[in-house]
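Spelled out, the chains give:
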Amino acid sequence: MNLDLSGKNALVCGGSKGIGRAAALELAALGANITLVARSTELLGELISQLDSSSGQQHGFFQADFMDPEGLKNKLQALVATKTIHILVNNAGGPPAGPALTAQAAQFLDAFQLHLLTNHLMVQALAPGMKAAGYGRIINVISTSVKAPIPNLGVSNTIRGAVANWAKTLATELGPDGITVNNVLPGYTETERLSQLVTNWSGQRSITEEELKAQMKKEVPLRRFAAPSEIGGVIAFLASPAAGYITGTNITVDGGRTGVL
């Protein structure tokens, strides 16, 4: 199986922590050169020193605010002027919890900007280089809510579905150029995002966080939460030559929790 990413350049969004960080570590382990982007330069700098460079890889990072599209566009233009990005990992933290009915229009618009429009801007900037190279991997980290909406995540459920359909459309458009587009749908994963949700939900249900975690794990056939590295490994596989015939699909990584295929 060809998992070698030597000579390939990867841009990992939200790379400072959680699933983004795990994806960067796994991609570097397969030989890729990593460029990280997130809001915190301090965390990005710490991670750079931990990335595998045993094959002589060159790693770097830049800071960007995904709610500032013009600023992000300028930084992407500067990046592609220096290198071709073969692998794009679109990953950003989810919108605040809450029911759809009480969500304000601004919350939907902010989430649309952060998740769909930012992803789209990234692809528009990087796709020409992928086409010229004859190799492209676009991997979007979204949610199992694409298949089964999650209670009390009204805005997230709505926007994640939009991203999934956008990705499916792009897979058809970019396939002839050797570019694949896939979505990874993580289940309960040990990240700061999950910790925030547990705090929120336990307060609503008047139970302790530990009691809620125990209930949540019972929903998962494997009876545990995922480690970020387990999601990162799937992302790295999809970025590899071995996954060249996988495109336009949603890959659920949730320990079997989601009750639909």
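As a reminder, the structure under discussion sits directly above these lines.
Residues numbered from 1 in each chain as written. Predicted model: local features only at pLDDT ≥ 70, side-chain atom pairs only at ≥ 80, totals over all residues. Heavy atoms only, no water.

Over its 14 residues, helix α6 (residues 192-205) runs 20 Å from end to end, which matches the ideal 20 Å to within 8%, given 1.5 Å per residue. Turning to α6, its buried residues are Leu-194, Leu-197, Val-198, Trp-201 and Ser-202. Within α6, the buried residues cover an arc of 125° as seen down the axis, which keeps them to one side. Among the exposed residues of α6, those oriented more than 90 degrees off its buried face are Gln-196 and Gly-203. (Helix = DSSP H or I, 4+ residues; strand = E, 2+ residues; numbered from the N terminus. Expected span 1.5 Å × (residues − 1). Buried < 20%, exposed > 50% of the residue type's maximum accessible area, 1.4 Å probe, protein only. Arc of directions from axis to C-beta.)

In this section: the environment of Leu-114. The residue Leu-114 is located in helix α4 (residues 105-133) in this model. Sequence spacing of Leu-114 and Asn-91 is 23 residues, and the spatial spacing of their C-alpha atoms is 9.8 Å. Setting aside anything within four residues of it in sequence, one finds Leu-114 in contact with Phe-66, Met-67, Ala-92 and Gly-93. (Contact = heavy atoms within 4.5 Å.)

Further remarks concern the sheet that holds strand β7 (residues 250-253). Here we have seven strands laid out as an open sheet, ordered β3-β2-β1-β4-β5-β6-β7, and parallel in their pairing. Of all strands in the sheet, those bounded by a partner on one side alone are β3 (60-63) and β7. Neighbour to neighbour, the strand axes of the sheet diverge by 20° on average, direction disregarded. Pairing of strand β1 (residues 9-13) with strand β2 (residues 33-38), which is carried by five bridges, proceeds in the parallel orientation. The residue bridging Asn-9 from the neighbouring strand is Asn-33, located in β2. Seen against the sheet, helix α2 (residues 41-48) touches β2 and β3 and runs at an angle of roughly 175° to β3. (Pairing = 2+ DSSP bridges. Axes fitted to C-alpha atoms, helices over the stretch in contact; angles between N-to-C directions.)

What follows deals with the packing of aromatic side chains. A complete count under the given rule lists one aromatic pair for this structure. Relative to Phe-225, the ring of Tyr-188 lies with its centre 5.7 Å away and its plane at 70°, an arrangement referred to as edge-to-face. Residue Tyr-188 is located in the loop between β6 (179-186) and α6, and its partner Phe-225 is located in the loop between α7 (209-218) and α8 (228-239); the two are separated by 37 residues in the primary sequence. Of the two residues, Tyr-188 and Phe-225, neither departs from the other in class, the shared state being buried. The ring of Tyr-135 carries Lys-8 above its face, with NZ or CZ at 4.6 Å from the centroid. (Phe/Tyr/Trp six-rings, centres within 6.5 Å; stacked < 30°, edge-to-face > 60°. Lys NZ or Arg CZ within 6 Å of the ring centre and 35° of its normal.)

Taken as a whole and assessed by the stated rule, the structure comprises three salt bridges. Here Glu-192 makes a salt bridge to Lys-17, at a shortest N to O gap of 3.1 Å. Highlighted residues: Glu-192 in helix α6 and Lys-17 in the loop between β1 and α1 (18-29), separated in sequence by 175 residues. Among the salt bridges present, the one from Lys-213 reaches Glu-210, with a minimum N-O distance of 3.8 Å. (Salt bridge = Lys/Arg side-chain N within 4 Å of Asp/Glu carboxyl O.)

The next thing to look at is the packing of helix α3 (residues 69-80) against α4. In contact at an axis separation of 10 Å, α3 and α4 are set at 30° when each is read in the N-to-C sense. By the angle between their axes, α3 is roughly parallel relative to α4. Where α3 crosses over α4, the handedness of that crossing is right-handed. Facing α3, whose interface residues are Pro-69, Leu-72, Lys-73, Leu-76 and Val-80, α4 presents Gln-113, Thr-118, Leu-121, Met-122, Ala-125 and Leu-126. Across the contact of α3 with α4, the residue classes break down as eight nonpolar, two polar and one charged. (Parallel < 35°, antiparallel > 145°, perpendicular 65-115°, else oblique. Left-handed = near helix turned anticlockwise from the far one by under 90°. Nonpolar A, V, L, I, M, F, W, Y, C, P; charged D, E, K, R; others polar.)

Now for unusual backbone geometry. Negative phi values dominate among residues other than glycine, just as trans dominates among peptide bonds. Positive phi outside glycine occurs at Ser-206, with the angle close to 55°. Note that Ser-206 resides in the loop between α6 and α7. Despite not being glycine, Arg-223 has its phi angle at roughly 60°, a positive value. Residue position: Arg-223 is located in the loop between α7 and α8.

What follows covers the nonpolar core. Ranked by internal contacts, the top residues of the largest apolar core, which has 35 residues, are Leu-11 and Leu-88. Of all the elements in the fold, those that place two or more residues in this core are β1, α3, α4, α5 (154-174) and β6. Excluding residues within four positions of it along the chain, Leu-88 makes contact with Leu-11, Cys-13, Met-122, Val-123, Leu-126, Met-130, Arg-137, Ile-138 and Ile-139. If you look at the next biggest cluster of nonpolar residues, it comprises 30 residues, including Val-12, Ala-24, Leu-44 and Ile-139. (Core = buried A, V, L, I, M, F, W, Y, C linked by side-chain atoms within 4.5 Å.)

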